[in-house]
Amino acid sequence: MEDHIPLDFQPIPPEESLARAEAFYAQMARRRSVRFFADRPLPEGLLEQIVATAGTAPSGANQQPWTFVAVRSPDLKRQIRAAAEEEERAFYSQRAPESWLSDLAPLGTGWEKPFLDAAPALLVIFRQRHGYDADGTLHKHYYTLESVGIAVGMLIAAIHNAGLVSLTHTPSPMEFLERILERPTSEKAFLLMPVGYPAEDATVPNITRKPLDEILIWR
Ligand SMILES: Cc1cc2nc3c(=O)[nH]c(=O)nc-3n(C[C@H](O)[C@H](O)[C@H](O)COP(=O)(O)O)c2cc1C
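Thresholds applied
Residues numbered from 1 in each chain as written. Predicted model: local features only at pLDDT ≥ 70, side-chain atom pairs only at ≥ 80, totals over all residues. Helix = DSSP H or I, 4+ residues; strand = E, 2+ residues; numbered from the N terminus. Buried ≥ 20, exposed ≤ 12 C-beta atoms within 10 Å, placed from the backbone. Pairing = 2+ DSSP bridges. Core = buried A, V, L, I, M, F, W, Y, C linked by C-beta atoms within 7 Å. Contact = placed C-beta atoms within 7 Å. Near = placed C-beta within 6 Å. Nonpolar A, V, L, I, M, F, W, Y, C, P; charged D, E, K, R; others polar. Expected span 1.5 Å × (residues − 1).

1. Focus on the overall build of the protein
Here is step 1: Looking only at helices and strands, the protein has eight helices and six strands in total.
Here is step 2: Along the protein, helices (α) and strands (β) appear in the sequence α-α-β-α-α-α-β-β-β-α-β-α-β-α when read from the amino end.
Here is step 3: Counting only C-alpha atoms and orienting by the principal axes, one finds that the protein spans roughly 55 × 50 × 40 Å.
Here is step 4: Counting only residues that meet the buried cut, the protein has 23% of its 219 residues in that class.

2. Looking at the pairing of strand 2 (residues 121–128)
Here is step 1: Within strand 2, eight of the eight residues are buried, leaving the element largely enclosed by the surrounding structure.
Here is step 2: Because side chains alternate across strand 2, one face comprises the buried residues Ala 121, Leu 123, Ile 125 and Arg 127, and the other comprises Leu 122, Val 124, Phe 126 and Gln 128, equally buried.
Here is step 3: Across six bridges, the pairing between strand 1 (residues 66–71) and strand 2 is antiparallel. The residue bridging Trp 66 from the neighbouring strand is Arg 127, located in strand 2.
Here is step 4: The sheet contact formed by strand 2 and strand 6 (residues 187–196) spans eight bridges and is antiparallel. Among the inter-strand pairings, Val 124 is bridged to a residue of strand 6, identified as Leu 192.

3. So, the nonpolar core
Here is step 1: Leu 122, Leu 123, Val 124, Ile 125, Leu 155 and Met 193 are the most contacted members of the largest nonpolar core, which totals 35 residues.
Here is step 2: Mapped onto this core, the elements with two or more residues apiece are helix 2 (46–54), strand 1, helix 3 (74–95), strand 2, helix 6 (144–161) and strand 6.
Here is step 3: Looking at this core, the element that brings in the most residues is helix 6, giving seven residues.
Here is step 4: With residues up to four places along the chain from it excluded, the contact list for Leu 123 reads Phe 68, Ala 70, Met 193 and Val 195.

4. Things to note about the environment of Tyr 142
Here is step 1: Relative to the helices and strands, Tyr 142 is located in the loop between strand 4 (138–140) and helix 6.
Here is step 2: Excluding residues that lie within four positions of it along the chain, Tyr 142 makes contacts with Gly 60, Ala 61 and Gln 63.

5. Things to note about the site of the ligand
Here is step 1: If you check the shell around the ligand, you find Arg 32, Ser 33, Arg 35, Leu 107, Thr 109, Leu 167, Thr 168, His 169, Thr 170, Val 204 and Ile 207 and nothing else.
Here is step 2: Tallied by class, the residues present in the shell around the ligand amount to four nonpolar, five polar and two charged.

6. Quick notes on the environment of Phe 68
Here is step 1: If you trace the backbone, Phe 68 turns up in strand 1.
Here is step 2: Phe 68 gets classed as buried once you count the C-beta atoms within 10 Å, which come to 20.
Here is step 3: For the pair formed by Phe 68 and Val 51, sequence separation is 17 residues and the distance between their alpha carbons is 7.4 Å.
Here is step 4: Contacts of Phe 68, omitting those with residues within four sequence positions, involve Val 51, Ala 54, Leu 123 and Ile 125.

7. Topic: helix 1 (residues 14–29)
Here is step 1: The end-to-end C-alpha distance of helix 1 is 23 Å, a good match for the 22 Å that 16 residues give at a rise of 1.5 Å each.
Here is step 2: Buried residues are scarce in helix 1, accounting for zero of its 16 residues.

8. Some points on the sheet that holds strand 2
Here is step 1: Sheet architecture is open: four strands sit in the order 1-2-6-5, paired in antiparallel fashion. In this open sheet, the two strands that pair with only one neighbour each are strand 1 and strand 5 (165–166).
Here is step 2: Bridge count for strand 5 against strand 6 is two bridges, and the pairing is antiparallel. Looking at the pairing, Ser 166 lines up with Val 195 of strand 6.

9. Considering helix 6
Here is step 1: For helix 6, built from 18 residues, the straight-helix expectation of 26 Å at 1.5 Å per residue is met to within 8% by its first-to-last C-alpha distance of 25 Å.
Here is step 2: Restricting attention to buried positions, one finds in helix 6 the residues Thr 144, Ser 147, Val 148, Ala 151, Val 152, Leu 155, Ile 156, Ala 158 and Ile 159.
Here is step 3: On its buried side, helix 6 packs onto helix 2, strand 1, strand 2, strand 5 and strand 6.
Here is step 4: Phi turns positive, to about 85 degrees, at Gly 163, one or two residues after helix 6.

In structure tokens form, the structure reads like this:
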């Protein structure tokens with residue numbers, strides 16, 4: 001049964017569109033992944049607002065197959081850091097092929113992850129492989145990787161827009177997050193994202209972004 005409502009669309013005059021697009025680009029171009037966090041708490045209510053923004057993302061069949069776990073407990077952060085460092089130590093010393101290590105070298109990353117207990121919050125994003133109907137039967141979810149990826153993109157933009165910084169972190173494998181945070185078997189850990197303020201002396205790798213003519217093709 002279809003239930004449609006009028007679209008809530010706020011038109012922007014064409015001459016203003018370009019100015020807004022340029023200003024948004026300039027703001028987003030300043031976003032960087034940050035690996036050094038200040039010991040400074042987050043304002044009350046900010047994480048809720050940021051996650052609510054991510055939750056406006058489009059999703060396959062509107063199934064919204066995501067769960068965001070906001071970890072502030074120092075004990076849980078310590079457990080997550082210890083488990084992540086165990087995986088990362090094995091990755092950097094045994095599992096990673098030489099080519100992967102050489103791609104990572106310019107970033108200066110290693111197995112130690114002090115940001116995992118330094119940041120005031122860790123957002124752990126889970127992908128719901130399936131849901132459940134009211135009677136408990138399993139309900140398949142579609143395009144969960146695409147949907148959660150889009151939601152995380154919006155999450156990162158919302159974090160940056162609010163004047164905070166984050167790191168997209170993918171210790172591999174990430175099953176330990178499902179165990180430590182006691183998620184149901186239907187949920188797979190997708191990303192681990194420390195969120196907060198940068199340390200005063202925070203540095204970032206000196207990297208470049210591809211120019212537009214390399215990423216945009218007109219036909
Ligand atoms: C899917 C994905 C996984 C990533 N995993 C890690 C990670 O495990 N550790 C890390 O330090 N950075 C990680 N990054 C951050 C990238 O290194 C970073 O985005 C890239 O170098 C570009 O830098 P920028 O985000 O400052 O523009 C990841 C980024 C993405 C998108």
